[in-house]
Every structure is written in C-alpha cells, then in structure tokens.
Amino acid sequence: MSDEAGISYSATTDYHWTMRAFELLTSANLTVERHEAGGAPYFVVTGPCPRCGHHFADRQVTVALTGLSGPSRGESSDAADVVFLDLTCSCGTAHQDAPRGATGCGVSFRIGIEKAAG
Ligand SMILES: [Zn+2]
Ligand SMILES: [Zn+2]
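Residues numbered from 1 in each chain as written. Chains lettered and ligands numbered in written order. Predicted model: local features only at pLDDT ≥ 70, side-chain atom pairs only at ≥ 80, totals over all residues. Heavy atoms only, no water.

## With respect to the coordination of the zinc ion (ligand 1)
Around the zinc ion (ligand 1), the protein contributes the donor atoms C49 (SG), C52 (SG), C89 (SG) and C105 (SG), which lie 2.2 to 2.4 Å from the metal centre. In this structure, the zinc ion (ligand 1) is surrounded by four donor atoms whose angles at the metal cover 103 to 116°, and the resulting shape is tetrahedral. Every donor residue of the zinc ion (ligand 1) comes from the same chain, spaced as C-x2-C-x36-C-x15-C. Between the zinc ion (ligand 1) and the zinc ion (ligand 2) the interatomic distance amounts to 3.7 Å, and C52 serves as a bridging ligand to the pair. Taken together, the residues C52 in the loop between β2 (40-48) and β3 (55-61) and C105 in the loop between β4 (82-88) and β5 (108-114) connect sequence positions 53 residues apart. Both residues of the pair, C52 and C105, belong to the buried class. (Donors = N, O, S within 2.8 Å, 3.2 Å for Na, K, Ca; no water. Tetrahedral: all angles 85-135°; square planar, octahedral: opposite > 155°, others 65-115°. Helix = DSSP H or I, 4+ residues; strand = E, 2+ residues; numbered from the N terminus. Buried < 20%, exposed > 50% of the residue type's maximum accessible area, 1.4 Å probe, protein only.)

In structure tokens:
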C-alpha cells in the first residue's frame, strides 16, 4: 500500500473506500461545496481519491429527497437531512489496466453530507 501512485485500475465498490472517504471528509481533505444553478442544487466534490490518492473534482446533481421530510409526524427524520452522493474516481490519471475511456482508478464510493439548513 506504499506505492499509491502506481496502483492498477479496479472497479471496486468496497465499503472500505466509503469509510476512507468519510475520514477524508472529516479531516477536511475532501471538500463538498454546494452550488445552485437555475434553482437546482448541485454539489462539487474535490479532494484526493480515497483509493489512488490523486486529486479529482466531481460535480453531482441531487434530485431526490425534496419533499421527503413532510410534516414532522415522526421524531426521527434525520435521514431526510442527509444527502448521499455516489462518486466514482475521476482523477484523470491513466491507471494500469484501465479500460478505454476510464477517467480514474475505478473506485466508487459514497459520501453523506448534511443538507444546509434553510
Ligand atoms: Zn482514484
Ligand atoms: Zn488516480
């Protein structure tokens, strides 16, 4: 695991990488910026890939969750306040064994961010 720059492409969705991404998020290495275009919110995620370590930037549009919260009948509606983004590495580096057209090391992971209030 010491030669991160030379790792081969692997289409993995191992939860390990989601955990690693969460660590990068909490240590502020990975950042998420919320933007809005024409009333539609989207998120720009930038930082090091949790697997290969290369810098990447990904733009994610969220369409779900709007209107899910509804009136506060239940007390535990925390889930509606978190947006999950499914990301795939797009570091732009040609990793070994990468298929044609691949833009990263192949890892897919998920990050959850709290929706900004208001
Ligand atoms: Zn990567
Ligand atoms: Zn990479």
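## Details of the coordination of the zinc ion (ligand 2)
Protein coordination at the zinc ion (ligand 2) comes from C52 (SG), H54 (ND1), C91 (SG) and H95 (NE2), with a distance range of 2.1 to 2.3 Å. The coordination sphere of the zinc ion (ligand 2) comprises four donor atoms, whose angles at the metal cover 101 to 121°; the geometry is tetrahedral. Going along the chain, you hit the donors of the zinc ion (ligand 2) in the pattern C-x1-H-x36-C-x3-H. You can call H54 buried: its relative accessible area is 18%.

## Topic: the sheet that holds strand β1 (residues 31-37)
Sheet architecture is open: three strands sit in the order β1-β2-β3, paired in antiparallel fashion. Edge strands, defined here as strands with exactly one partner in the open sheet, are β1 and β3. On average, adjacent strands in this sheet sit at an angle of 20° to one another, irrespective of strand direction. Pairing analysis gives seven bridges linking β2 to β3, with the strands arranged antiparallel. Looking across to β3, one finds that V45 is bridged to D58. (Pairing = 2+ DSSP bridges. Axes fitted to C-alpha atoms, helices over the stretch in contact; angles between N-to-C directions.)

## Overview of the confidence of the model for the protein chain
Detail in the predicted coordinates should be disregarded across regions flagged by low pLDDT. With 77% of its residues at a pLDDT of 70 or more, the protein chain has an overall mean of 83. With pLDDT under 50 throughout, residues 66-75 is counted as low confidence; its partners more than four residues away or in other chains account for one contact. (pLDDT = per-residue confidence, 0-100. Contact = heavy atoms within 4.5 Å.)

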